[in-house]
Every structure is written in C-alpha cells, then in structure tokens.
Amino acid sequence: TNTNTNTNTNTSTGTNTSRRTAVLICPAQFCVPADYDTFLSALKEKLPNLSPSSRVAELPRTEWIKVARQLPTAEFFSANLNNAKTLQWYFDAMEQGLADIYAEEGEDVNVCIIGHSIGGWVARSYLGGLGQRSTAVYKSTIDRCTSLVTLGSPHK
C-alpha cells in the first residue's frame with residue numbers, strides 16, 4: 001500500500017492529485033545541490049507525503065560561465081537574449097532532474113517546482129515554453145506540474 005498519496009482533486013487543471021508529489025528545486029546562481037540539503041531535509045520532515053525522489057537540479061557552479069558568453073552581444077545590450085539559447089544548460093539540468101523523478105516514480109507522480117532566486121525565473125520560463133522544448137519530459141511536466149513556488153525570484 002502506498003502511504004505517500006494525496007486524496008484531493010484539482011478540478012481547475014484536471015490534474016490528478018491522488019498521485020504522490022515530488023519536488024524539483026531549481027537553484028540560485030552559483031548554488032549547487034549541497035547548498036539545499038537542509039532545505040530539502042526540512043521539506044521531507046514537514047511534508048511526510050513528499051516523494052523520496054524529490055531533488056535539486058544538478059548545476060555545477062562552473063556552468064554559470066556559459067551565461068558570460070552572451071554578455072558581449074548585441075542581444076544582451078538590447079535586452080533581447082534568447083532564453084532557449086542562453087539558458088539551455090539550465091533547462092537541460094531541470095529536464096534531467098525531472099526525468100530522474102519520473103524514472104523513479106513512474107506515471108504516478110505530480111511535480112512541484114521550487115525556484116530560488118534566478119532559479120524561479122528560469123523555472124517559470126521553462127514552464128511557460130520559453131525554453132522552446134518539445135521533449136517527452138517537458139510534455140509530462142506540463143501535465144504533472146501542480147505548483148511553482150519561487151523564493152526571492154526576479155519577476156520584473
């Protein structure tokens with residue numbers, strides 16, 4: 001018997017909320033999964049029905065150097081950076097984390113994405129289609145994501 005289930009139904013989205021919920025944390029700039037150990041542990045302690053497959057997207061600190069490649073461009077100076085091009089590496093890390101959750105949980109899981117600082121903005125961009133994704137993971141996430149929580153994220 002699966003004890004990690006919710007029994008609510010979300011009629012506004014049609015999402016099956018009898019599924020377990022897993023969290024994917026999208027880190028802030030230069031943060032790595034270890035920086036969120038205490039936060040993730042607290043979530044698991046306070047939310048006993050949270051899926052054990054919950055995790056932080058794997059982003060090495062060095063990956064942020066890829067953003068610097070976009071700085072000396074006309075797109076940067078005109079504030080027209082292409083999200084899909086500039087943040088592809090971050091979207092890839094999100095999709096890998098989500099794919100790992102789906103591999104562990106199967107079809108019976110909802111997802112809550114928690115984004116910290118720029119991670120919240122990137123997660124919102126991903127869910128809104130600005131990553132220009134058409135992968136099976138992206139399509140599953142659109143169907144399974146029941147919430148996006150942002151903490152200190154720059155939305156303006």
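Note that the structure is predicted; figures quoted are calculated from it, not measured. (Residues numbered from 1 in each chain as written. Predicted model: local features only at pLDDT ≥ 70, side-chain atom pairs only at ≥ 80, totals over all residues. Heavy atoms only, no water.)

(A) Molecular detail of the overall build of the protein chain. Helix and strand counts for the protein chain stand at seven helices and four strands. Out of the 156 residues in the protein chain, the part that is buried amounts to 43%. Put simply, the protein chain shows about 8,500 Å² of open surface, and 53% of that area lies on carbon and sulfur atoms. (Helix = DSSP H or I, 4+ residues; strand = E, 2+ residues; numbered from the N terminus. Buried < 20%, exposed > 50% of the residue type's maximum accessible area, 1.4 Å probe, protein only. Areas by Shrake-Rupley, 256 points an atom, 1.4 Å probe, with all protein chains shown as cover.)

(B) View of the sheet that holds strand β1 (residues 20-26). In spatial order, the strands read β2-β1-β3-β4; together these four strands make up an open sheet with parallel pairing. The open sheet terminates on both sides in strands that have one partner only, identified here as β2 (55-56) and β4 (145-151). Here β1 pairs with strand β3 (residues 109-116) via seven bridges, running parallel. By the bridge assignment, Thr21 is partnered in β3 with Asn110. Against the sheet, helix α5 (residues 88-105) touches β1, β2 and β3, its axis set at about 160 degrees to β1. Packed on one face of the sheet, helix α6 (residues 118-127) meets β1, β3 and β4 and runs near 135 degrees to β3. (Pairing = 2+ DSSP bridges. Contact = heavy atoms within 4.5 Å. Axes fitted to C-alpha atoms, helices over the stretch in contact; angles between N-to-C directions.)

(C) Focus on the packing of α5 against helix α7 (residues 136-144). At a minimum axis separation of 10 Å, α5 and α7 run at an interaxial angle of 70 degrees. The pairing of α5 with α7 is recorded here as roughly perpendicular in orientation. Touching Glu95, Leu98, Ala99 and Tyr102 of α5 are Val137, Tyr138, Ser140, Thr141 and Arg144, all from α7. (Parallel < 35°, antiparallel > 145°, perpendicular 65-115°, else oblique.)

(D) Looking closely at unusual backbone geometry. A positive phi angle, near 70 degrees, is found at Phe30, a position not held by glycine. Its place among the elements puts Phe30 in the loop between β1 and α1 (37-46). Judged by its relative accessible area of 43%, Phe30 falls in the partly exposed class. One non-glycine residue, Ser117, lies in positive phi territory at about 55 degrees. For Ser117, the location among the structural elements is in the loop between β3 and α6.

(E) Molecular detail of the pattern of salt bridges. Applying the stated criterion across every chain, the model contains seven salt bridges. A salt bridge links Arg55 to Glu104; the nearest nitrogen and oxygen atoms lie 2.6 Å apart. Within this pair, whereas Arg55 is found in strand β2, its partner Glu104 is found in helix α5, the two being separated by 49 residues in sequence. Judged by relative accessible area, Arg55 falls into the buried class, the value being 19%. Here the salt bridges do not stand alone but share partners, grouping Arg55, Asp100 and Glu104 into one network. (Salt bridge = Lys/Arg side-chain N within 4 Å of Asp/Glu carboxyl O.)

(F) Spotlight on the nonpolar core. Core analysis: the largest hydrophobic core is formed by 25 residues, its most contacted members being Tyr90, Met94, Ile113 and Tyr126. Put simply, the parts of the chain that give this core at least two residues each are β1, α5, β3, α6 and α7. Broken down by element, this core gets its largest block of residues, eight residues, from α5. Beyond its immediate chain neighbours, meaning those up to four positions away, Met94 contacts Leu24, Cys26, Ala57, Ile113, Val122, Ala123 and Tyr126. Ile25, Cys31, Tyr36 and Val56 belong to the second-largest nonpolar core, a separate cluster that totals 11 residues. (Core = buried A, V, L, I, M, F, W, Y, C linked by side-chain atoms within 4.5 Å.)

(G) Quick look at the state of the cysteines. One pass over the structure, following the stated rule, counts zero disulfides. Cys145 carries a free sulfur, and the closest cysteine sulfur to it, the one in Cys112, is 6.9 Å from it. With a relative accessible area of 16%, Cys145 lands in the buried category. (Disulfide = S-S within 2.5 Å.)

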